[in-house]
Amino acid sequence: MLQRAQALRERLIEIRRAIHRQPELGFQEFKTAQLVTDTLTELGIQVETGVGLTGVVGYLGQGGPTIALRADMDALPIQELNDVPYASQVSGVMHACGHDAHVACLLGAAMLLSGTELKGQVRFIFQPSEEEQDEEGKSGAMRMVEDGVMEGVDAVVALHTHVDTLAGTIDLMPGPMMATVDTFRGAILGQACHGAYPHKGTDAIVLAAQVIMAIQTIVSRRIRPLDSGVITVGIIQGGTKTNIVTDRVALAGTIRSFKPEIRQQLFDELERACGVARALGGDYELKIKPGYPTTANDEALTKFVRQVGIELLGPDKVGEAEAEMGAEDFSFLAACAPGCFFRLGVGFPGQEPRRGHNPYFDVNEEALPVGAAVLAEVARRYLEQNA
Ligand SMILES: [Zn+2]
Ligand SMILES: [Zn+2]
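Residues numbered from 1 in each chain as written. Chains lettered and ligands numbered in written order. Predicted model: local features only at pLDDT ≥ 70, side-chain atom pairs only at ≥ 80, totals over all residues. Heavy atoms only, no water.

In terms of domains, the chain is made up of domain 1 (2-178 + 294-386) and domain 2 (180-290). One C-alpha centre belongs to domain 1, the other to domain 2; they are set 37 Å apart. In this assembly, 10 residues from domain 1 lie in contact with 10 residues from domain 2. For the pair domain 1 and domain 2, the two sides together bury roughly 730 Å², of which 61% comes from carbon and sulfur. Between the two partners, domain 1 and domain 2, sit zero salt bridges. Taken together, domain 1 and domain 2 are joined by four residue pairs in polar contact (both at pLDDT 80 or more). Each residue belonging to the side of domain 1 that touches domain 2 can be placed in one class, and the counts come to six nonpolar, three polar and one charged. (Domains from an automatic or database assignment. Contact = heavy atoms within 4.5 Å. Buried area = accessible area lost by both parts, 1.4 Å probe. Salt bridge = Lys/Arg side-chain N within 4 Å of Asp/Glu carboxyl O. Polar contact = N/O pair within 3.5 Å; in protein donor to acceptor, adjacent residues only side chain to side chain. Nonpolar A, V, L, I, M, F, W, Y, C, P; charged D, E, K, R; others polar.)

The next subject is the coordination of the zinc ion (ligand 1). Surrounding the zinc ion (ligand 1) are the protein donor atoms Cys97 (SG), Glu131 (OE) and His357 (NE2), which sit 2.0 to 2.2 Å from the metal. Motif for the zinc ion (ligand 1), donor spacing along one chain: C-x33-E-x225-H. Taken as a pair, the zinc ion (ligand 1) and the zinc ion (ligand 2) lie 3.2 Å from each other and share Cys97 as a ligand. You can see Glu131 sitting in the loop between strand E4 (121-127) and helix H5 (140-146) and its partner His357 sitting in the loop between strand E16 (339-347) and helix H10 (367-386), a full 226 residues away along the chain. (Donors = N, O, S within 2.8 Å, 3.2 Å for Na, K, Ca; no water. Helix = DSSP H or I, 4+ residues; strand = E, 2+ residues; numbered from the N terminus.)

This next bit is on the sheet that holds strand E15 (residues 318-320). With respect to topology, eight strands assemble into an open sheet ordered E1-E2-E4-E3-E5-E16-E6-E15, the strand pairing being mixed. Looking at which strands have only one partner, the edges of the open sheet turn out to be strand E1 (46-51) and E15. Averaged over neighbouring strand pairs, the angle between their axes works out to 25 degrees when direction is ignored. Against the sheet, helix H3 (residues 30-42) engages E1, strand E2 (55-61) and E4, with an angle of about 15 degrees to E2. Its contacts with the sheet put helix H4 (residues 99-113) on E2, strand E3 (66-72), E4, strand E5 (155-166) and E16, and the angle it makes with E3 is roughly 145 degrees. (Pairing = 2+ DSSP bridges. Axes fitted to C-alpha atoms, helices over the stretch in contact; angles between N-to-C directions.)

Let's shift gears to the packing of helix H2 (residues 9-21) against H3. The description of two helices packed together rests on the angle between their axes and the distance between the axes. Viewed as axis vectors pointing N to C, H2 and H3 meet at an angle of 155 degrees, and their least axial separation amounts to 10 Å. Here H3 runs roughly antiparallel to H2, going by the angle between their axes. When you trace H2 past H3, the crossing you get is right-handed. Counting all contacts with H2, which are made through Arg11, Ile15, Ala18 and Ile19, the residues of H3 involved are Thr32, Leu35, Thr39 and Glu42. Class assignment of the residues belonging to the contact of H2 with H3 gives a composition of four nonpolar, two polar and two charged. (Parallel < 35°, antiparallel > 145°, perpendicular 65-115°, else oblique. Left-handed = near helix turned anticlockwise from the far one by under 90°.)

Attention shifts here to the packing of aromatic side chains. Enumeration according to the criterion identifies three aromatic pairs in this entry. Seen from their ring centres, Phe304 and Tyr382 are 6.2 Å apart, and the 70 degrees between their planes marks the pair as edge-to-face. Separated by 78 residues along the polypeptide, Phe304 in helix H8 (residues 299-313) and Tyr382 in helix H10 bring together distant segments of the chain. Taken as a pair, Phe304 and Tyr382 share a single burial class, namely buried. (Phe/Tyr/Trp six-rings, centres within 6.5 Å; stacked < 30°, edge-to-face > 60°. Buried < 20%, exposed > 50% of the residue type's maximum accessible area, 1.4 Å probe, protein only.)

By definition of the ideal shapes, a tetrahedral metal site with four donors has angles of 109.5 degrees and an octahedral site with six donors has angles of 90 or 180 degrees. Within the protein, Cys97 (SG), His99 (NE2) and His160 (NE2) serve as the donor atoms for the zinc ion (ligand 2), at 2.1 to 2.4 Å. Sequence spacing among the residues donating to the zinc ion (ligand 2) works out to C-x1-H-x60-H.

The next subject is H2. Its 13 residues give H2 an end-to-end C-alpha distance of 18 Å, which sits within 8% of 18 Å, the value for a rise of 1.5 Å per residue. All of the buried residues along H2 are Leu12, Ile13, Ile15, Arg16, Ile19 and His20. Down the axis of H2, the sector holding all buried residues measures 160 degrees, keeping them to one side. Exposed and oriented more than 90 degrees from the buried face of H2 are Glu10 and Glu14. On its buried side, H2 packs onto H3, H4 and H10. (Expected span 1.5 Å × (residues − 1). Arc of directions from axis to C-beta.)

Below is the structure:
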């Protein structure tokens, strides 16, 4: 399978670069969806479009068990700074999370599996908007699940590029691997007055400073040290003029956790920390928007994917992933069937990692056939074993 995938190397690089040049933000993946649709159709795979708005689903095989393979298609609002021939041609938009590579890998798996004898069905899920939830709070995976993409699926597998490990390798782990993410938005409220007479008002900037320091003690002083959590204030905005005491400072940030009880505790403690503003004569507003749940890998399926990886790539090329506080909406798919999310090494040998969500992000394209081969072989063998 790996040899057959290597023969597709040029084609997969071409696909990845075509998508990289024309990145599209969440739920606007029209060109990408068209490229996916055309490629699947050429392979003789039955295609359904408009699933979860801009998502595309390919159906291969008949009867037996069904395994779903998923790739996300959306890019990020980042201006690419790489000077490469395949750099983004869309100002302010860039594939800086490797989703272009994910699409190329999954199309590669479709190429490897089409025209072969399968002992069941493979569902190729090309998902919109992993990075962003729409105005109704829904991400691409949520929308596709609502449209029934996981109906009749017995297992679901996806990969994500990983810059810290070299191309040619994969990493994975059983159990909770990526955190729950929630977003908060709020404001600290005071009373405006002249900056020369601060005692006539209540300075929302000073209150906000106290609130932020209180927020910073939640994880260090309120959460059990062996549990994990993060609260990051990512946005703070307030004030209009140097000599005006402002009455409003907006705060917003991200909350990360693994356990439901810690998540609830972080919500409660955040509310309490904002209460510092009230204790000091001001007030606050706070809204918490639920995001993606924890991505937890199914034990048995993960063991199976690891075994396939070892046989395909060699034991030294399959590593043990560590849990991290990043989040993934793959969790919505994995809530419907046993799931396995693994990391595809895309690091360049002897080079600093090209970090994700950064204008200099890039992937080592030698990883593309590897990702395609692992996905295809996992699907083929899963169907064989579970037929
Ligand atoms: Zn991302
Ligand atoms: Zn991503």
